[in-house]
Structures are given as C-alpha cells and as structure tokens.
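Working through the structure, step by step
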Amino acid sequence: MEALFSPGRIGSLELKNRMIRSASHEGLADRSGAPTERQFQFYKRFIEGGIGLIITGYAGIMQNGKSALYHMTMIDSDDLIPAHRTMVNNIHNIEGKIALQIAHCGRQTLSSETGEATLVSSSSVPNRFYKEVPRELSEPEIAEIIENFAAAARRAQTAGYDGVQLHAAHGYLLSTFLSRHSNKRTDRWGGHLENRFRIVGETLRAVRDAVGRDYPVFIKLNSFERARDGIRPDECVRFTRMVGDTGCCDAIELSAGSNEDSFYMARGKFPAEGILKYLRPYCKMGRVGKFFIRHAVSPVLSKIQPPFREGYNLETAARVKKAVSLPVITVGGMRSKAFMEAAIREGKTDFVSMARPLLLEPDLANKFKTGESSVARCDNCNICFVATDTVPIRCHKDEFRGR
Ligand SMILES: Cc1cc2nc3c(=O)[nH]c(=O)nc-3n(C[C@H](O)[C@H](O)[C@H](O)COP(=O)(O)O)c2cc1C
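Position numbers for residues count from 1 along each chain, tracking the sequence in the order it is written. Only residues with pLDDT of 70 or above have their local features reported here, since the model is predicted, and side-chain atom pairs are shown and tallied only from 80 upward, although totals for entire chains, interfaces and linings are computed over all residues. Just so you know, side-chain values use all the structure's heavy atoms and leave hydrogens and water out.

**Quick notes on the overall build of the protein**
Helix and strand assignments come from DSSP, with helices taken as H or I runs of at least 4 residues and strands as E runs of at least 2, each series counted from the N terminus. A count of helical and extended segments in the protein gives 14 helices and 14 strands. Only C-alpha atoms enter the radius of gyration, while the globule expectation follows 2.2 Å times N to the 0.38, with N the number of residues. Here the protein has a C-alpha radius of gyration of 20 Å; the compact-globule value for 403 residues is 22 Å, and the two agree. Projecting the C-alpha coordinates of the protein onto the three principal axes gives extents of approximately 55 × 55 × 40 Å. Exposure categories follow from relative accessible area, calculated using a 1.4 Å probe and restricted to protein chains: below 20% of the type maximum is buried, above 50% is exposed, and the middle band is partly exposed. Relative to its full complement of 403 residues, the protein shows a buried share of 61%. The long-range share in the protein, meaning contacts at least 24 apart out of those at least 6 apart in sequence, stands at 70%. Residues are treated as being in contact if the distance between any of their heavy atoms lies within 4.5 Å.

**Some points on unusual backbone geometry**
The residue after Arg280, namely Pro281, is reached through a cis peptide bond having omega -5 degrees. If you trace the backbone, Pro281 turns up in the loop between helix H8 (272-278) and helix H9 (287-303). The backbone phi angle of Glu95 is positive, close to 65 degrees, even though this residue is not glycine. Structurally, the position occupied by Glu95 is in the loop between helix H2 (81-93) and strand E7 (98-103). The backbone of Lys131 sits at a positive phi, close to 75 degrees, despite the residue not being glycine. Residue placement: Lys131 occurs in the loop between strand E8 (120-121) and strand E9 (135-136).

**Focus on the nonpolar core**
We define a nonpolar core as any set of buried Ala, Val, Leu, Ile, Met, Phe, Trp, Tyr and Cys residues linked to one another through side-chain atoms lying within 4.5 Å. Within the largest apolar cluster, 85 residues are counted, with the highest numbers of intra-cluster contacts made by Met19, Ile102, Tyr161, Leu204, Ile219 and Val243. The element best represented in this core is helix H4 (residues 139-159), accounting for nine residues. Residues within four places of Ile219 in sequence aside, it is in contact with Gln165, Leu166, Ala168, Val200, Leu204, Val243, Cys249, Ala251, Ile252 and Glu253. Residues Ile10, Ala23, Ile55 and Phe218 belong to the second largest nonpolar core, which totals twelve residues.

**As for the site of the ligand**
When at least one non-hydrogen atom of a residue lies within 4 Å of a molecule or strand, that residue is treated as near it. Around the ligand, a shell composed of 25 residues is seen, among which Ala23, His25, Gln101, Gly333 and Arg356 lie nearest. Between an oxygen atom of the ligand and a main-chain N or O atom of Tyr58, the distance comes to 3.1 Å. The side chain of Arg356 places a nitrogen or oxygen atom 2.7 Å from an oxygen atom of the ligand. Using a 1.4 Å probe, accessible areas were evaluated by the Shrake-Rupley method; residue-level cover was limited to the displayed protein chains. In isolation the ligand has 610 Å² of accessible area, and contact with the protein removes 97% of it. Secondary structure elements with two or more residues in the shell around the ligand: helix H12 (356-360) and helix H14 (383-387). Classification used: nonpolar for Ala, Val, Leu, Ile, Met, Phe, Trp, Tyr, Cys and Pro, charged for Asp, Glu, Lys and Arg, polar for all others including Gly. For the shell around the ligand, the per-class residue count stands at eleven nonpolar, eleven polar and three charged. Two N or O atoms count as a polar contact when they lie within 3.5 Å, although within protein this holds only if one can serve as hydrogen donor and the other as acceptor, and sequence-adjacent residues are included solely when both atoms are side-chain atoms.

**Looking at the pairing of strand E12 (residues 251-255)**
Within E12, five of the five residues are buried, which leaves it mostly tucked inside the rest of the structure. Residues Ala251, Glu253 and Ser255 of E12 are buried on one face, and the alternating residues Ile252 and Leu254, pointing to the opposite face, are buried as well. Of the strand pairs in this sheet, strand E11 (residues 217-222) and E12 are connected by five bridges, and their pairing is parallel. Bridging across to E12, Ile219 finds its partner in Ile252. If you view a crossover with the strands going away from you and the path from the first strand over the helix to the second runs clockwise, you call it right-handed. Taken together, E11, helix H7 (residues 233-246) and E12 form a β-α-β motif whose crossover is right-handed. Judged from the three bridges that link them, E12 and strand E13 (residues 328-331) form a sheet pairing that is parallel. Looking across to E13, one finds that Leu254 is bridged to Thr330. Should DSSP find at least two bridges between two strands, the strands are regarded as paired.

**Considerations on the state of the cysteines**
When two cysteine sulfur atoms are found within 2.5 Å, that pair is recorded as a disulfide. Scanning the entire structure with this criterion turns up zero disulfides. Of all cysteine sulfurs, the one in Cys384 lies closest to Cys105, which takes part in no disulfide; the gap is 18 Å. Here Cys381 is not cross-linked by a disulfide; its sulfur's nearest cysteine counterpart is in Cys395, at 6.1 Å. The buried category is assigned to Cys381, whose relative accessible area is 17%.

**Quick look at the domain arrangement of the protein**
Each domain's limits were defined by an automated method or a database of domain assignments. Taken domain by domain, the protein consists of domain 1 (3-269 + 308-387) and domain 2 (270-304). Computed from C-alpha coordinates alone, the two centres of domain 1 and domain 2 are separated by 28 Å. Taken together, the contact pairs 14 residues of domain 1 with eight residues of domain 2. Interface area for domain 1 against domain 2, summed over the two sides, is near 860 Å², with a carbon-plus-sulfur share of 65%. Reported buried area values correspond to the accessible surface (1.4 Å probe) lost by two parts on association, with both partners' losses combined. The largest share of the area that domain 1 buries against domain 2 comes from Phe129, Ile383 and Val386, three residues that together contribute 42% of it. Salt bridges are defined by distance alone: a side-chain nitrogen of Lys or Arg within 4 Å of a carboxyl oxygen of Asp or Glu. The interface formed by domain 1 and domain 2 contains zero salt bridges. Between the two partners, domain 1 and domain 2, sit one residue pair in polar contact (both at pLDDT 80 or more). A per-element tally of the side of domain 1 that touches domain 2 places H14 first, with three residues. Taken together, the residues of the side of domain 1 that touches domain 2 break down into nine nonpolar, two polar and three charged.

Here you go:
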C-alpha cells in the first residue's frame, strides 16, 4: 500500500490516509462568527475529494484577538456552540473528520476590528504589515488569554470537533512570544528559550486540563522566520522538544513565516494584481497609485520573493521527527504525489498538509489515489492569500489571465 494512503493516528484520532487540509481562513462565517451552511458546503468538497482530515481556518478565542480578514470564524462564546455543532454533525454525516484551529491574532490585526484602542502582543513591537503599535500584555492578561484558549478548546470539544489545533505560527500572538524578533520582554515570559516558550507550554497544559486526556490536541509552529532575529530551525527543534515534554500535545504541524515576512509562509509569485484588487488599502487606491505599485513597487518585491521549492519545510520536519516521538505534519509547498509519498516513506514526516492546492483541486487526494493526477495544478499565484482580506476564500487562478 502507498504510504500516503495508509491509515494514520493522531492521539485517539484515526485517519484514513496521510493527507490533511491545512488551516486556511475561509471568511465564510456570519457576522457573529458562527460557521454557516456555505462553510459546510466548502468543506464538503474536501471530504468528498478524499482528504483524511480538515483543519479549519483560524477561529478567534476572544474579541481582542479577532482577525482583520473577512468574516473570521469565532469560538469565543458558548452561544456559538450550536452553529459549530450543526456544521460538525454535517461533516460527520458524510464520514468526514474535522479539527478546529484556535487563535489569537495579537498584533496581526486592526484595532478597528478588535474594538479596543490598541492591539495586544508579547511586546510593544509593531508588525510591518499592519503597522499599529501594540501594547505589551500584562501578567493577568496573559492568564486570561491562556484561560480563553482552554475555554475555546472545550467549546470545540463540546461542538463535536475531532480535535483542536493551537495556532502558534505565522506571527500570531503565541508565535510572537516564541520569536526573539517580537518578544523583547525581560520578565518570565521573555528572554531565553524556556521563558519564550512558557505561554505555549501553559496554554497546552490548560487546554489539556479543559478537554481531558483523550482529546486530540495539535499545535502549528514555525520552522523559520525571515527576520534576522526570527525563529530558526535549531530553535524550532528545541521548541518541539518542549512541546513533547508537556505531555499535552498529540501532533505538531510545521510551517514557516509571518505576515510581515512577505511570502515566506507560502512562497511563489508576488500577487501584485491580487493586492491591487483585494487588499485593503490598496484596492481603494486611485489609478496613479496603482500604476506606481504595478510598475515600480511590484517588480522589486517580485525579485525578493523567497523562491518556491517543493516541501520547503520538510528538512526541519525531518529533524523534528528525530527529536520528538509525536506525529509530525508538514505543510508548505507539498505538490507532487511522488514527493509526498517519499517524505512519508523515508520517515521525514507522518502526514502532509496542504492549503492552496486544494482550493483549485479539492479532490486532489482522490486524483492521486486513482492515478488521474500526480501533481497539483496550483501555480502558487498567491492571490487566494491576499484576497481573504476582503472576500471569502477561493482559487483566483483564472481571474487575471493574460495580465
Ligand atoms: C487563503 C489562505 C488562508 C490561510 N489561513 C490560515 C489560517 O487560518 N491558519 C493557518 O495556520 N494557516 C493559514 N494559511 C497558511 C496555510 O495553512 C499553509 O501553511 C500555507 O499556505 C502553505 O501551504 P500550501 O503550500 O499548501 O499553501 C492560509 C493560507 C492561505 C492560502
């Protein structure tokens, strides 16, 4: 049997194969943050397309960590449990498995969205993309955030999700504590590695206490950040050992980059036209501004994009596999069946996960299984990424043809 299609296990969760849909913000929730029928219909295509597990786009654990992207799913109130339960039941009725990713956006959002005067973060270091200067969280506020992660995980469990994933990657709140680039604290939440990890360790413990011993808990971590003082693979491997030592986590997903890292997270093309059409404030610019971006800024930015390379987080994943006994999920540039099959067969990762390719081909798992296809058609145009700022998620591949 092909390794990619062999059953896998994450804690108590049995998966029919090793292909996972990685968390991708959908923008399909209603105004209160409740999942909608449209969101279920969106996920249904992945289940029917053969994917082993869906990890939802990030769901907000509290209002001051709410995303500025279009219509974030929320899990910050018991009132939202019925809508989540309806969606999860629908997924289970078609034999699908689904885990909820939970997050606090920290400094990667806008105060106009959170409704508070300032954003909050590990330290008062602005993000170059969102630009607002966040304030440093106090001890009681950190405790409140940990409690809110635990409450959100308990709600996910009550709603019937097959697991919960803590988002500790991509520059969101938990990862700002891990990274020296954003964490300048001198108290017990900053400084050396153990201190920077403290909030993640305590959150994992609080979540485990809230959901009990057998409920699958995952974490998503960065293997790399662009900033000179950002996370490096060596540090990542040490963080994953600490995750393992908590005894409170069932799987680690490895990604890279943050919001201000340009496209380190995704790699591929610089989506100039997508930015001009969908990204605030560029979509509201006049013709002169757009002309300047199109002809002066974007050629330069296109040149400094990190080059796309298949499975760009796999080397770190292979190191993590040797360091911890937890299952490892690798995301980022997984495109060909042969590459994924070899990665699993050679023991570099236990699972592969994908975001962009499944928007164009939600049935990619089935296509790989039947031999209809051996390579994803996604060309990493990255328009899906920037467009979630103002519209629900979809593939925009055909939209800018000829440009
Ligand atoms: C439209 C879009 C939305 C995303 N939203 C999230 C998210 O909510 N949480 C998360 O952890 N990663 C998110 N990501 C990152 C992906 O999970 C993944 O790490 C990244 O796209 C690289 O994988 P890929 O090459 O398979 O696309 C998003 C990616 C895309 C394209």
